[in-house]
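Structure assessment
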Amino acid sequence: MAERLGGRLRRIFADALFPAKCFVCGVFLPPTVSARQAGIDASGLATDLGDAYMQLLDGFLCRTCRMDFQPLRTPLCSCCGVMFPGREGEDHLCGRCLEGRRFFSKARAAGSYQGSLMHLIRSLKYQGKVQLGTVLGALLLVVFERHWDPAAVDMVTAVPLHARRLRKRGFNQSAQLVGGWARLSAKLSLPAPILATDRVLVRSRATAPQTGLPRARRLANLKNAFAVVCKARVRGKYILLVDDVLTTGATAGECARVLMAAGARRVDVLTLARA
């Protein structure tokens, strides 16, 4: 009892001395026990993406910045997951997926790459705000449970960084997103997917940043950039590939192509955001 009270007093004291600020607009947040201090409360986590975002990002974002999240909802492209402008109808293939073959079977994301979600991803990726990895990973887990049967997926792995970029950044943001899934799945009483604890794919060639490149340049930039570490490990497996953002699908597509060429049975893609 005394220990719990002491912990509560320490949090109150910390709130008073170092009040939390919204990661986007910088406004001071109410002096309550924030998710950053108390850890993610996985009990009663909403299944609706908008509600889950509001719940999980409380303590990281003010209410206004949480409200600008745009979850991806039907109708979507049944392959690449892009959300259609019209809000009527069912999921169907978009023009790009009708025109050319995708090496992944299905891609899904939590929300549109804009507003506070975009800011949080950039804060994690470029500013080293690694504390965001777990909370954004929890949002990603909600998407996973919504669109996949955990028992059907054989392996979850992250898109790799080249060794040079990994050394410079210090972490792989995509791997950060799934690092806490086993613990969160246990809290939610959900079957935990099998996380690849060692490398499945490697980025064998350093590439220029994809940001701002048109699709054709992205594809050329990624040619022969990935390799499978052990073909026997992926042969016949249903693999879920995790990344932070899906833009044109060039990176995910090249990873999926390499995995399928190595004998994978199916490759799907899960990202936080869809551009």
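Residues numbered from 1 in each chain as written. Predicted model: local features only at pLDDT ≥ 70, side-chain atom pairs only at ≥ 80, totals over all residues. Heavy atoms only, no water.

A short note on the confidence of the model for the protein chain
This is how it is decided: Scored between 0 and 100, pLDDT is the confidence that the predictor attaches to each residue. The criterion used for residue contact is that any of the two residues' heavy atoms lie within 4.5 Å.
For the protein chain, the average pLDDT comes to 84, and 80% of its residues sit at 70 or higher. Below pLDDT 50 for its whole length, residues 1-17 participates in 7 contacts with residues either more than four positions away or in separate chains.

Some points on the packing of helix H3 (residues 49-56) against helix H7 (residues 131-147)
What counts here: With axes taken as lines fitted to C-alpha atoms, and helix axes fitted only over the stretch in contact, angles between N-to-C directions fall between 0 and 180 degrees. The numbering of helices and of strands both runs from the N terminus, where a helix is a DSSP run of H or I of at least 4 residues and a strand a run of E of at least 2. Convention used here: angles under 35 degrees read as roughly parallel, angles over 145 as roughly antiparallel, angles from 65 to 115 as roughly perpendicular, and any remaining angle as oblique. For any pair of crossing helices, the crossing counts as left-handed if the nearer helix is rotated counterclockwise from the farther one by less than a right angle, and right-handed if it is rotated clockwise.
Between H3 and H7, whose axes approach to 10 Å, the crossing angle comes to 160 degrees. Classified by the angle their axes make, H3 and H7 are roughly antiparallel. Judged by the sense of rotation from one axis to the other, the crossing of H3 with H7 is right-handed. Where H3 abuts H7, its residues Leu49, Ala52, Tyr53 and Leu56 lie against Val135, Ala138, Leu139, Val142, Val143 and Arg146.

A word on the packing of aromatic side chains
What counts is decided by this rule: Stacked, edge-to-face and tilted labels apply to pairs of Phe, Tyr and Trp rings (six-membered ring for Trp) whose centres lie within 6.5 Å, assigned for plane angles under 30 degrees, over 60, and everything in between, in that order. Burial classes: relative accessible area under 20% of the type maximum marks a residue as buried, over 50% as exposed, and values in between as partly exposed (1.4 Å probe, protein chains only).
This structure, assessed with the given rule, holds 4 aromatic pairs. Judged by centre distance (5.9 Å) and plane angle (45 degrees), the ring pair of Phe23 and Phe60 falls under tilted. Here Phe23, found in the loop between helix H1 (2-17) and helix H2 (35-38), pairs with Phe60, found in the loop between H3 and helix H4 (63-67); they are 37 residues apart in sequence, far enough to count as distant. Taking the relative accessible area as the measure of exposure, Phe23 reaches 15% and is therefore buried. Note on Phe144 and Trp181: the rings are 5.2 Å apart at their centroids and 40 degrees apart in plane angle, and the pair reads as tilted. Remark: Trp181 occurs in helix H10 (residues 181-187) and Phe144 occurs in helix H7; sequence separation between them is 37 residues. Classification of Phe144 by relative accessible area gives buried; the value is 0%.

Structural notes on the pairing of strand E2 (residues 155-158)
Filter applied, for reference: Strands are labelled as partners when DSSP assigns at least two bridges between them.
Across the two faces of E2 the burial is the same, with Met155 and Thr157 and Val156 and Ala158 all buried. The sheet contact formed by E2 and strand E5 (residues 238-246) spans 4 bridges and is parallel. By the bridge assignment, Thr157 is partnered in E5 with Leu241.

Points about the sheet that holds strand E1 (residues 106-112)
In space, the 4 strands of this open sheet follow the order E1-E6-E5-E2, with parallel pairing throughout. The sheet is open, and its two borders are formed by E1 and E2, each paired with just one other strand. The sheet shows a mean angle of 20 degrees between the axes of neighbouring strands, direction not considered. The sheet contact formed by E5 and strand E6 (residues 266-274) spans 8 bridges and is parallel. Looking at the pairing, Leu241 lines up with Val269 of E6. Helix-sheet contacts for H7 involve E1, E5 and E6, and the interaxial angle to E6 is about 135 degrees.

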